Each structure stands twice: as structure tokens, then as C-alpha cells.
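Single-letter residue listing:
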Amino acid sequence: KAGVTQTPRYLIKTRGQQVTLSCSPISGHRSVSWYQQTPGQGLQFLFEYFSETQRNKGNFPGRFSGRQFSNSRSEMNVSTLELGDSALYLCASRYTGANVLTFGAGSRLTVL
Amino acid sequence: DQQVKQNSPSLSVQEGRISILNCDYTNSMFDYFLWYKKYPAEGPTFLISISSIKDKNEDGRFTVFLNKSAKHLSLHIVPSQPGDSAVYFCAASVGTASKLTFGTGTRLQVTL
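So, how was this worked out
- Residues numbered from 1 in each chain as written.
- Chains lettered and ligands numbered in written order.
- Predicted model: local features only at pLDDT ≥ 70, side-chain atom pairs only at ≥ 80, totals over all residues.
- Heavy atoms only, no water.
- Contact = heavy atoms within 4.5 Å.
- Buried area = accessible area lost by both parts, 1.4 Å probe.
- Salt bridge = Lys/Arg side-chain N within 4 Å of Asp/Glu carboxyl O.
- Polar contact = N/O pair within 3.5 Å; in protein donor to acceptor, adjacent residues only side chain to side chain.
- Helix = DSSP H or I, 4+ residues; strand = E, 2+ residues; numbered from the N terminus.
- Disulfide = S-S within 2.5 Å.
- Buried < 20%, exposed > 50% of the residue type's maximum accessible area, 1.4 Å probe, protein only.
- Pairing = 2+ DSSP bridges.
- Phe/Tyr/Trp six-rings, centres within 6.5 Å; stacked < 30°, edge-to-face > 60°.

Quick question: what am I supposed to make of the interface of chain B and chain A here?
Frequently, the measure chosen for interface size is the accessible area removed from exposure when the parts meet. At the interface, 21 residues of chain B touch 24 residues of chain A. With both chains or domains summed, chain B and chain A bury close to 1,600 Å², and 56% of this area falls on carbon and sulfur atoms. Scanning the region where chain B abuts chain A turns up 0 salt bridges. Between chain B and chain A we count 5 residue pairs in polar contact (both at pLDDT 80 or more) in total. Elements that contribute at least two residues to the side of chain B that touches chain A include exactly β4 (32–38) and β9 (86–93) of chain B. Considering every element that reaches the side of chain B that touches chain A, the biggest residue donor is β4 of chain B, with 4 residues.

Laid out in C-alpha cells, this is it:
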């Protein structure tokens, strides 16, 4: 059974650019969550999607957005990149009603 | 506002000994708690969980203890093995299938 797949794994952008990250959840998982991991901050919740609807949102500026498609795949977008956006972005999926998240390996974004 | 705190950024334990990782939380509404383990270049993987109706849960070498009055949980690993060297995150949620709030992680190093 394939796990959570995130692409790209690594990317480098410059300030002011925008970036789109992709996540394919485990087959049958309809809930997809996104987290940002930075040194010393742990995993910060960005948002969660379920059946193409954003169900929950963390305390991030509007530059961070996401969406989910009918096949449960999800994308997140960060516009007008800032140096502080350099982080590991983790996607996770779960079965409906479950508490346990299964994470992908993450997309490491470096903003120069 | 860090609702889940792991006050020890790192811990070093000898192989065969007990590792004890601690986690404190401030939100009394949290009723489900999880531990995740993360190796470099991989996403976090689920380890063990506990619901607030219990005070202990065991799974092989891993035991999680919950002290609701102190808002404290701990993960015990006995015996510790070199392969346990990783970053450990505790996480909490309110109810089922809601967002997980993570701590900042504790890096465990198991030495020979």
C-alpha cells in the first residue's frame, strides 16, 4: 500500500516568488493536513481539508493557501515568499474519524 | 502560545537503559495524545497513543503514561536501542479526527 507522497522533495526559491507543493494521500484517506516544521518550533498546523473543503486552519497569513481535489490529492501554495518561509512542509492523511495521521516525507523549501 | 511543550530539546541514554521523554500541555480540553518518531529526511511516524480515559498504554518496549491532573504525559522506552535514536514529538487533540497540536520535539540519542 503506497504511503503519502509529496512532491517536490526539495526546492529553492527566491524572496517574492510563489511555490506550489503537492500531496497524494494514502488511498481511501479523504482527510489531508499540512504542517510546517522549523527548528525550535516543532510542527505548526497550517490547514486541513476533507472532501475538497477546508475544515480547519492554523494561524498563518493569507499568503498560505491550499486546496483539495476530488481524488483527495491536495496542493498548498505560498505566495510572495519570505526568508522565514524556509521550512519542511509536511503533508499527512488519515481515515475519516481517525486520530492518527500518516505523514509524507515532506517538501523542504529554501527561500534565498 | 505553545499548548504542548517538550522542555527537553535533547536526551542521551545508554543502550539497554530506560529512556523517559516528557511532555506537558496547557489546554485542559485535550483528550487524546500521541507520540511520533522522526528520523532525518523522513516524515514523522506514529508510535503510540493514549486517550484521556486511561492513564497508561503499552506497546512492546513503549509505554505512555498520562497524568491528567498535572497535564503531563511521558513516553518510556525500555530497553533503549540505538535504532531508537530520533526526534520524538508528542501531540494532542480535542476529540477525535480534529487537528493535532504538536510539541517542539526531543532528540533522543541512544549510545552504545
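Now that the structure has been shown, the text picks up again.
Looking at this structure, I do not really get the state of the cysteines. What am I missing?
Throughout this description, disulfide means a covalent bond between two cysteine sulfur atoms. Scanning the model with the defined rule gives 2 disulfides over all chains in all. Between the sulfur of Cys23 of chain A and that of Cys91 of chain A lies a disulfide, 1.8 Å long from S to S. Between Cys23 of chain A and Cys91 of chain A the disulfide shows an S-S torsion of about -60°. By sign, it is left-handed. Pair noted here: Cys23 of chain A is in strand β3 (residues 19–24) and Cys91 of chain A is in strand β9 (residues 87–94), with a separation of 68 residues, a long-range link. Of the two residues examined, Cys23 of chain A and Cys91 of chain A, each falls in the buried class. With a sulfur-sulfur separation of 1.9 Å, Cys23 of chain B is cross-linked through a disulfide to Cys90 of chain B. On the sign convention where negative means left-handed, the S-S torsion of about 65° between Cys23 of chain B and Cys90 of chain B marks this disulfide as right-handed. Highlighted residues: Cys23 of chain B in strand β3 (residues 19–25) and Cys90 of chain B in strand β9, separated in sequence by 67 residues. With relative accessibility at 1%, the residue Cys23 of chain B sits in the buried group. Cys90 of chain B sits in the buried class, given a relative accessible area of 0%.

I keep staring at the pairing of strand β5 (residues 42–50) of chain A and nothing clicks. Help me out?
Across a regular strand the side chains alternate sides, sitting on one face of the sheet and then on the other. All names here are of chain A. Counting buried positions along β5 gives 7 out of 9 residues, so the element sits mostly inside the fold. As judged from the 8 bridges shared by strand β4 (residues 31–38) and β5, these two strands associate in the antiparallel manner. Note on β5: the bridge partner recorded for Gln37 is Leu43. What sits between β4 and β5 in their antiparallel hairpin is a turn of 3 residues, with Gly40 showing a positive phi close to 80°. Bridge count for β5 against strand β6 (residues 53–57) is 4 bridges, and the pairing is antiparallel. By the bridge assignment, Phe47 is partnered in β6 with Lys57.

What should I look at first to understand the environment of Ile12 of chain A in this one?
All names here are of chain A. Within the fold, Ile12 resides in strand β2 (residues 10–13). When the C-alpha atoms of Ile12 and Cys23 are compared, they prove to be 18 Å apart, with 11 residues separating the residues in sequence. Residue contacts for Ile12: discarding those within four places in its chain leaves Thr110 and Leu112.

In this structure, what is going on with the packing of aromatic side chains? I would like to understand it.
Where two aromatic rings form a pair, the distance of their centres and the angle of their planes describe that pair. For the structure on display, the rule yields 12 aromatic pairs over all chains. Taking the centre distance of 6.0 Å and the plane angle of 75° together, the rings of Phe103 of chain A and Phe102 of chain B count as edge-to-face. Taken together, the positions of Phe103 of chain A in strand β10 (residues 102–103) and Phe102 of chain B in strand β10 (residues 101–102) put the pair across two chains. Its relative accessible area of 8% is what places Phe103 of chain A among the buried residues. Look at Tyr36 of chain B and Phe46 of chain B: their rings are 5.9 Å apart centre to centre, the planes differ by 70°, and that puts the pair in the edge-to-face class.

Quick question: what am I supposed to make of unusual backbone geometry here?
Leaving glycine aside, a negative phi is the common case for residues, and trans is the common case for peptide bonds. For the bond running from Thr7 of chain A to Pro8 of chain A, omega is -10°, close enough to zero to count as cis. The topology assignment puts Pro8 of chain A in the loop between β1 (5–7) and β2. Cis geometry marks the peptide bond from Val78 of chain B to Pro79 of chain B, where omega comes out at -15°. With respect to the element layout, Pro79 of chain B can be found in the loop between β8 (72–77) and β9. One non-glycine residue, Glu52 of chain A, lies in the positive phi region at around 70°. As for its position among the elements, Glu52 of chain A is in the loop between β5 and β6.

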